[in-house]
Amino acid sequence: FDCVKQSGAKSVGITGTKGKTTTSSLLAATLKNAGIDVRLCGNIGLPMLDTLEGITKNTVFVVELSSFQLAELSQSPDVAIITNLFRDHTDYHGNLEEYWEAKHNIMKHMDESGTVIFNPEFEVILHWLAESPAKQLQIDPQENVDMTKAKLIGDHNKLNFLMVRAAAELFGVDRMSIANTLHSFEPVRHRLQPVRTVN
């Protein structure tokens, strides 16, 4: 994160109990299709340090961040996406509060130049934002989105898409381009997929 800041590039961190990988992958594809130099890295399998070569101030890092990584993080990305927060990983973190506090690090170190994209249905995020100078960008979970042309299955992926759209618009990508990427996006392997049609 220090190297990214020094270069003038931007970073988008994505966390949540579920949906991190799909949201990160879809956002990276959306930015790439818009002609932006994007680096997809982090918990998705590629360390940030391995993606630094040739970056400019126009590069955008899309970084999937797990609670294990966030627990050690002492700074926040320029844009944070928090997909959701459920009970998980208490075996590692000790209890639910410690798990959520690790997630909190994605935005805890933001100033007024930072932006947090979130689903307002998760109240703990609202408590964090009440004490944060960062800009707030909430999705509308009830918004009707036509997912019929997309290969992504399930209502949860509609929410992931709404977060991707909000982030992509921050980087000047228009809604038509965002929708086009949604329709052409190949879902991440080993997620929900059609297997067989019966009757």
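Look above for the structure.
Because the structure is a prediction, the values reported are computed rather than measured.

Caption draft 1: A look at the pairing of strand β1 (residues 10-15). Taken across its six residues, β1 has five buried, putting it largely inside the fold. Two elements, β1 and strand β3 (residues 60-64), share five bridges in a ladder whose sense is parallel. In the strand pairing of β3, K10 is matched with V60.

Caption draft 2: View of the state of the cysteines. Scanning the entire structure with this criterion turns up zero disulfides. No disulfide involves C3; its sulfur sits 12 Å from the nearest other cysteine sulfur, which is in C41. Using a relative accessible area of 0% as the deciding quantity, one classes C41 as buried.

Caption draft 3: A look at helix α8 (residues 175-184). The complete set of buried residues in α8 reads I178, T181 and L182. Down the axis of α8, the buried side of the element spans an arc of 105°, and every buried residue falls inside it. Its buried side turned inward, α8 meets α2 (20-33) and α7 (155-170). Near the N-terminus of α8, the side chain that reaches the backbone nitrogen of M176, with its oxygen 3.1 Å away, is that of D174.

Caption draft 4: Representation of the nonpolar core within the structure. Core analysis: the biggest nonpolar cluster contains 29 residues, and L27, L31, I81 and I117 have the highest contact counts within it. In terms of residue count, α7 provides more of this core than any other element does, seven residues in total. Core analysis: the second largest hydrophobic core is formed by 26 residues, V4, I55, I106 and V124 among them.

Caption draft 5: Structural view of the sheet that holds β1. Strands sit in the order β2-β3-β1-β4-β5-β6 across an open sheet of six strands; the sheet is parallel. In this open sheet, the two strands that pair with only one neighbour each are β2 (38-42) and β6 (135-138). Taking the axes of each pair of neighbouring strands and ignoring which way they run, one obtains an average angle of 20° across the sheet. Pairing between β1 and strand β4 (residues 79-82): four bridges, direction parallel.

How each quantity is defined
Residues numbered from 1 in each chain as written. Predicted model: local features only at pLDDT ≥ 70, side-chain atom pairs only at ≥ 80, totals over all residues. Heavy atoms only, no water. Buried < 20%, exposed > 50% of the residue type's maximum accessible area, 1.4 Å probe, protein only. Helix = DSSP H or I, 4+ residues; strand = E, 2+ residues; numbered from the N terminus. Pairing = 2+ DSSP bridges. Disulfide = S-S within 2.5 Å. Arc of directions from axis to C-beta. Contact = heavy atoms within 4.5 Å. Polar contact = N/O pair within 3.5 Å; in protein donor to acceptor, adjacent residues only side chain to side chain. Core = buried A, V, L, I, M, F, W, Y, C linked by side-chain atoms within 4.5 Å. Axes fitted to C-alpha atoms, helices over the stretch in contact; angles between N-to-C directions.

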